[in-house]
Amino acid sequence: MLRRWCIPLAGLALVGGALAASAPAAASAPAAAASHPARPTIHLIRPAMHGTAPIAVRGRSANAVLSTNWSGYAASGRSTSVSATWTEPTGHCTSSSTFSVFWVGLDGFGSRSVEQTGSEVDCSGGHAKYFGWYEMFPALPVSYSNPVRPGDHLAGSVTFTGSGHYTLVLKDTTQGWSHTIQKTRNAAKNASAEVIAEAPADAFTGAVLPLTNFGTAHFSNAAVNGAAMGNANPTKIIMVNASGRAKDSVSALTGGTAFSVTWLHSTR
């Protein structure tokens, strides 16, 4: 059973002019196999574990941070809420096992925890598996049994309500279900806010898993602290493999609230 997880963007060291992140932490996911980290780095898959940890960064391009597992936008600085809507993309599966997740969250971009919720599409045996989840990394992720299908309209938000309390909301307005989770974490820093597409990582080895071909994922209504995400001067993040080859492309942030991520390659 393959497990995946995510990693925050904390614990980075400057190496030869590039940022290198420390190893990610584990998480759990739905019934498929794998795990996924929170920051552009890892995240679990269904058949076992699925979670997210801080982002792992390889370096920087002229206008973006390069990550081994995250793509999208992250706003640094005191953040008490983040929200966005997105359309669940279609997983184009082959015989290979691949994984991808789409989420909103606080922390992970420069801190060691991540409070997040989102959706996922993983491929196993030529079939796509879709589901929703939430995670308080480094705690294991929790997957929802409610149906998620390609083309569904999803809305997610994470809000810090004070005294270590967080409210995580995920809605599938197409299927007509929603979950509101109340969690407590006193050590979280609320140091960033993100809207992300991610390649999860193997929970046992920490290796980033192959990215599911999801075509293009469209995010909209991205907001941080109740205002357009663009007002927070967010950093663009582009996912690359170990050789620096881009695994997807990230569009500009239109109107400060909308962008898309387009799959290019699955390879690690």
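Quantities reported herein were computed from a predicted structural model and do not represent experimental measurements.

A few words on the nonpolar core. Ranked by internal contacts, the top residues of the largest apolar core, which has 44 residues, are V82, F102, Y166, V195, F219 and F259. Considering every element that reaches this core, the biggest residue donor is strand β19 (residues 216-224), with 4 residues. In contact with V195, other than residues within four places in its own chain, are S71, G72, Y73, V82, A84, W103, V104, F219, A222, M229 and F259. The next biggest cluster of nonpolar side chains, apart from the first, holds 14 residues, and it includes V57, V101, F109 and I196.

For the rest of this paragraph, the subject is the sheet that holds strand β6 (residues 57-60). Strand order in this open sheet of 9 strands is β6-β7-β21-β8-β17-β10-β11-β12-β13, and the pairing throughout is mixed. Each edge of the open sheet is held by one strand with a lone partner, namely β6 and β13 (142-143). Direction of pairing for strand β8 (residues 70-76) relative to strand β21 (residues 235-239): antiparallel, over a ladder of 3 bridges. Note on β21: the bridge partner recorded for A74 is T235.

With that settled, consider the state of the cysteines. Overall, the coordinates contain 1 disulfide when judged by the stated rule. In this model, C93 is linked to C123 through a disulfide, with the two sulfur atoms separated by 2.0 Å. With the S-S bond torsion at -70°, the cross-link from C93 to C123 turns out left-handed. A residue pair is termed long-range when its members are at least 10 positions apart, and C93 in the loop between β9 (81-87) and β10 (98-106) and C123 in strand β11 (residues 114-124) qualify at 30 residues. Here C93 falls in the partly exposed class, since its relative accessible area comes to 23%.

With that settled, the discussion passes to unusual backbone geometry. Looking along the chain, the bond that leaves F137 and enters P138 is cis, with omega of 15°. Residue position: P138 is located in the loop between β12 (127-137) and β13. The backbone of D107 shows a phi angle near 70°, a positive value even though the residue is not glycine. As for its position among the elements, D107 is in the loop between β10 and β11. You will see that N221, though not glycine, has its phi angle at about 55°, which is positive. Mapped onto the fold, N221 is located in strand β19.

Tracing the backbone through its elements, the reader meets T167 in strand β15 (residues 165-172). Among the polar contacts made by the side chain of T167, one reaches the side chain of Q182 at a distance of 2.8 Å. Sequence-distant contacts of T167, that is, excluding residues within four places in its chain, are made with S157, V158, T159, T161, T180, I181 and Q182.

So, on to the pattern of salt bridges. Where side chains of opposite charge bring their charged atoms close, a pairing between them can arise. A complete count under the given rule lists 1 salt bridge for this structure. Among the ionic pairs, R185 bridges to E115, the shortest N-O distance being 3.4 Å. With R185 in the loop between β16 (177-184) and β17 (192-198) and E115 in strand β11, this residue pair connects regions lying 70 residues apart in the sequence. Judged by its relative accessible area of 0%, E115 falls in the buried class.

About the criteria used
- Residues numbered from 1 in each chain as written.
- Predicted model: local features only at pLDDT ≥ 70, side-chain atom pairs only at ≥ 80, totals over all residues.
- Heavy atoms only, no water.
- Core = buried A, V, L, I, M, F, W, Y, C linked by side-chain atoms within 4.5 Å.
- Buried < 20%, exposed > 50% of the residue type's maximum accessible area, 1.4 Å probe, protein only.
- Helix = DSSP H or I, 4+ residues; strand = E, 2+ residues; numbered from the N terminus.
- Contact = heavy atoms within 4.5 Å.
- Pairing = 2+ DSSP bridges.
- Disulfide = S-S within 2.5 Å.
- Polar contact = N/O pair within 3.5 Å; in protein donor to acceptor, adjacent residues only side chain to side chain.
- Salt bridge = Lys/Arg side-chain N within 4 Å of Asp/Glu carboxyl O.

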